[in-house]
Amino acid sequence: GWRVAMPSNAEDAVGLLRSALRGNDPTIFFEHRSLLDGSWARRAYPGDEFVVPFGKASLLREGRSLTVISWGAMVERCEKAIDTTGISADLLDLRSLSPWDREATLASVRKTRRCLIVHEDTLTAGFGAEIAAVLAKETFFDLDAPIERLTMPDVPSPHSPLLLAQVLPSVATISRALESLAAI
């Protein structure tokens, strides 16, 4: 089947690309513009044998209060928001969207009992809706609060960097969403 990769940093990009080249399935590889010159995305070259398997999320932070699920450029913003608020949160970087790491996601949400999904796509028909649907079905009785999604509003994605900055989730809006969800 189709595989979809969306790494948040250069190391994961190398590992996912190598995995895609070694596999037989067609792969859509999204390279976010922040990977090109963003300091957070820079990593040392992991070596010629480094491979990131598709469908294996990276747990970047471990916490108790809530789970934050993200991918691509929003991972950096989520990490900064967690630092800003001081909330104890699991931060999962999915790295690949097809397949996505259901097991790690379900385990984290069952542990923390709260979930915030942050991504750069629109609210309607964004991939976060699929994750929220699976979580609602599989973890309904484990949740202490509704599953929240923080995304770009349902508007066409602007090409102007100034306009794009106005519609994308920022560190400040992610921080407010974390604080609101943790308070429930």
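Just above, that's the structure.
Treat the numbers as computed from the prediction; the structure is a model and nothing was measured. (Residues numbered from 1 in each chain as written. Predicted model: local features only at pLDDT ≥ 70, side-chain atom pairs only at ≥ 80, totals over all residues. Heavy atoms only, no water.)

1. Quick word on empty space enclosed by the protein
A complete count under the given rule lists one cavity of 30 Å³ or more for this structure. Every residue along the wall of the largest cavity is listed here: Ser8, Ser34, Gly38, Trp40, Ala41, Gly72, Ala73 and Glu76. By residue class, the composition of the lining of the largest cavity is three nonpolar, four polar and one charged. (1 Å grid on protein atoms, 1.4 Å probe; cavity = no way out; pocket = protein on both sides within 12 Å on 5 of 7 lines; lining within 4 Å. Points joined across faces, edges and corners; volume = space filled by probe spheres on them. Nonpolar A, V, L, I, M, F, W, Y, C, P; charged D, E, K, R; others polar.)

2. Quick look at the sheet that holds strand β6 (residues 96–98)
Spatially, three strands are ordered β2-β1-β6 in an open sheet, and the strand pairing comes out mixed. For this open sheet the edge positions go to β2 (27–29) and β6, each flanked by a neighbour on one side alone. Looking at each pair of strands side by side, their axes are set apart by 20 degrees on average, direction ignored. This element, helix α1 (residues 10–22), spans β1 (3–5) and β2 of the sheet and lies at about 160 degrees to β2. (Pairing = 2+ DSSP bridges. Helix = DSSP H or I, 4+ residues; strand = E, 2+ residues; numbered from the N terminus. Axes fitted to C-alpha atoms, helices over the stretch in contact; angles between N-to-C directions. Contact = heavy atoms within 4.5 Å.)

3. Section: the packing of aromatic side chains
By the definition in use, this model includes three aromatic pairs. Summarising the aromatic geometry, the rings of tryptophan 100 and phenylalanine 127 are spaced 6.2 Å apart at their centres and angled 85 degrees between planes, so their arrangement reads as edge-to-face. Of this pair, tryptophan 100 sits in the loop between β6 and α4 (102–112) while phenylalanine 127 sits in helix α5 (residues 127–139), and the two are 27 residues apart along the sequence. Its relative accessible area of 22% is what places phenylalanine 127 among the partly exposed residues. Each member of the aromatic cluster is reached from another via a ring pair, and the members are Trp71, Trp100 and Phe127. If you follow arginine 3 out to its NZ or CZ, it ends over the ring of phenylalanine 54, 4.2 Å from the centre. It is arginine 43 that lies over the ring of tryptophan 40; its NZ or CZ is 4.8 Å from the centre. (Phe/Tyr/Trp six-rings, centres within 6.5 Å; stacked < 30°, edge-to-face > 60°. Buried < 20%, exposed > 50% of the residue type's maximum accessible area, 1.4 Å probe, protein only. Lys NZ or Arg CZ within 6 Å of the ring centre and 35° of its normal.)

4. What to know about the environment of aspartate 12
The topology assignment puts aspartate 12 in helix α1. Setting aside its immediate chain neighbours within four residues, aspartate 12 contacts Pro7, Val52, Asp93 and Arg95.

5. Brief notes about the packing of helix α3 (residues 74–85) against helix α7 (residues 171–183)
Packing of α3 against α7 brings their axes to within 8 Å, and their N-to-C directions diverge by 55 degrees. Classified by the interaxial angle, the pair formed by α3 and α7 is oblique. Here α3 and α7 pass one another in a crossing that is right-handed. Here Arg77, Cys78, Lys80, Ala81, Ile82, Thr84 and Thr85 of α3 come into contact with α7, specifically with Val171, Ile174, Ser175, Leu178 and Glu179. Partitioned by chemical class, the residues of the contact of α3 with α7 number six nonpolar, three polar and three charged. (Parallel < 35°, antiparallel > 145°, perpendicular 65-115°, else oblique. Left-handed = near helix turned anticlockwise from the far one by under 90°.)

6. Points about the side chain of aspartate 12
Owing to a relative accessible area of 5%, aspartate 12 belongs among the buried residues under this scheme. Here arginine 95 takes part through its side chain, which lies 3.2 Å from a polar atom of the side chain of aspartate 12. (Polar contact = N/O pair within 3.5 Å; in protein donor to acceptor, adjacent residues only side chain to side chain.)

7. Overview of the nonpolar core
Formed by 21 residues in total, the largest nonpolar core has its most connected members in Leu66, Val68, Leu116, Val118, Ile174 and Leu178. What leucine 178 contacts, discounting residues up to four positions off in sequence, is Leu66, Val68, Ala81, Ile82, Thr85, Ile87 and Leu116. One finds Val4, Met6, Trp100 and Cys115 within the second-largest nonpolar core, a separate group that totals 18 residues. (Core = buried A, V, L, I, M, F, W, Y, C linked by side-chain atoms within 4.5 Å.)

8. Comments concerning unusual backbone geometry
Following serine 98, the chain continues to proline 99 via a peptide bond in cis, the omega torsion being 0 degrees. Take proline 99: it is sitting in the loop between β6 and α4. With a phi angle near 70 degrees, arginine 95 is a residue other than glycine that sits in the positive phi range. Of note, arginine 95 is situated in the loop between β5 (89–93) and β6. With a relative accessible area of 10%, arginine 95 lands in the buried category. A positive phi angle is found at alanine 125, which is not glycine, with a value near 70 degrees. Tracing the backbone shows alanine 125 in the loop between β7 (115–122) and α5.

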